[in-house]
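# Structure assessment
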Amino acid sequence: MKMTEENSLERLNVTMEDVNALIKKKEEIEEQIKAYYDVLEDQGVGVEGPLVDAEGYPRADVNLYQIRTARHNISCLQNDHKAIMVEIEEALHKLHAREKAKREHDQAEATEEPMEQQVTLPPPFARVDTVTEGSPASAAGLRIGDEVIEFGSVNTKNFQNLQNIASVVQHSEGVALRVAVVRAGQKVQVNLTPQRWSGRGLLGCNIVPVQR
């Protein structure tokens with residue numbers, strides 16, 4: 001999907017500098033056309049004015065070569081002007097399409113990352129009710145309100161009651177346990193080592209079951 005979007009951006013490889021260059025070229029053509037119109041105006045004939053007198057002879061009061069050259073160049077430049085206007089229109093279309101494709105590409109990437117990272121979390125079976133300062137639980141980074149989805153070998157599927165957690169703690173003194181919790185909608189993993197400390201128990205936190 002990403003490759004397709006990037007290839008489409010390459011095909012629309014038109015920048016604002018390209019558009020500005022075309023606009024500058026258009027303005028130069030318009031200046032040249034105006035200059036040739038000024039020549040015809042000075043001669044008093046314009047684009048359609050006759051170059052022969054009433055008897056059908058070439059007019060002697062005007063510069064015929066200069067007029068014919070100006071008229072020819074105006075015709076050519078007007079064709080060039082039409083062509084450059086088509087180029088500008090196409091370039092603007094491509095530029096707008098590129099900007100739209102880039103916005104969609106950026107939005108797709110922005111939404112893809114969270115979707116790739118998003119994992120369906122299992123429902124919690126317990127919640128951290130209190131955490132005592134200076135305890136193993138505090139040192140591990142547990143916080144009040146953390147919802148437990150994994151505590152060592154205990155998980156959502158095999159949890160029955162708090163005795164399951166107590167048994168794991170008693171048999172794991174001095175051994176780091178992997179504890180996974182849900183905090184603010186995100187999965188957080190900590191290493192908790194049950195051990196003796198200045199307070200009661202081996203953890204220094206209170207865990208209560210979550211009604212399911």
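Our subject is the structure that appears above.
Before going into details, it helps to say that this report is about the structure given with it. (Residues numbered from 1 in each chain as written. Predicted model: local features only at pLDDT ≥ 70, side-chain atom pairs only at ≥ 80, totals over all residues. Heavy atoms only, no water.)

## Thoughts on the environment of Leu 142
On the secondary structure map, Leu 142 appears in the loop between α4 (136-140) and β2 (147-151). Residue Leu 142 is classed as buried on the basis of its relative accessible area of 6%. In this structure, the C-alpha to C-alpha distance between Leu 142 and Ala 180, residues 38 residues apart in sequence, is 9.7 Å. Contacts of Leu 142, omitting those with residues within four sequence positions, involve Val 131, Ala 137, Val 179, Val 181, Arg 183, Val 190, Leu 192 and Cys 205. (Helix = DSSP H or I, 4+ residues; strand = E, 2+ residues; numbered from the N terminus. Buried < 20%, exposed > 50% of the residue type's maximum accessible area, 1.4 Å probe, protein only. Contact = heavy atoms within 4.5 Å.)

## Quick notes on the pattern of salt bridges
By the definition in use, this model includes 6 salt bridges. Where Lys 34 meets Asp 38, a salt bridge forms, and the shortest distance between an N and an O atom there is 3.4 Å. Here the residue Lys 34 and the residue Asp 38 both occupy positions in helix α2 (residues 16-43), the gap between them amounting to 4 residues, near one helical turn. Between Arg 183 and Asp 146 there is a salt bridge, and its shortest N-O distance comes to 2.7 Å. Of this pair, Arg 183 sits in strand β4 (residues 177-183) while Asp 146 sits in the loop between α4 and β2, and the two are 37 residues apart along the sequence. Residues Arg 183 and Asp 146 agree in their burial class; the two are buried. (Salt bridge = Lys/Arg side-chain N within 4 Å of Asp/Glu carboxyl O.)

## Regarding the nonpolar core
Ranked by internal contacts, the top residues of the largest apolar core, which has 22 residues, are Phe 125, Leu 142, Val 148, Phe 151, Ile 165, Val 179 and Leu 192. Secondary-structure elements contributing two or more residues to this core are β1 (126-131), α4, β2, α5 (162-170), β4, β5 (186-192) and β6 (205-209). Apart from residues lying up to four places away in sequence, Ile 165 is in contact with Phe 125, Ala 126, Phe 151, Val 154, Phe 159 and Ile 207. (Core = buried A, V, L, I, M, F, W, Y, C linked by side-chain atoms within 4.5 Å.)

## Digging into the packing of aromatic side chains
Enumeration according to the criterion identifies 1 aromatic pair in this entry. Judged by centre distance (4.6 Å) and plane angle (25 degrees), the ring pair of Phe 125 and Phe 159 falls under stacked. With a gap of 34 residues between them, Phe 125 in the loop between α3 (64-117) and β1 and Phe 159 in the loop between β3 (154-155) and α5 connect regions that are remote in the sequence. Take Phe 125: its relative accessible area is 0%, and that puts it in the buried class. A relative accessible area of 9% means that Phe 159 is categorised as buried. (Phe/Tyr/Trp six-rings, centres within 6.5 Å; stacked < 30°, edge-to-face > 60°.)

## Remarks on α2
The α-helix advances 3.6 residues per turn, and as a result positions three or four apart in sequence lie on the same side. Taking 1.5 Å per residue, 28 residues should reach 40 Å; α2 reaches 41 Å between its end C-alpha atoms and fits that length. Residues of α2 that are buried: Val 19, Leu 22, Lys 26, Ile 29, Ile 33 and Leu 40. The first or second residue beyond α2 is Gly 44, which carries a positive phi of 75 degrees. (Expected span 1.5 Å × (residues − 1).)

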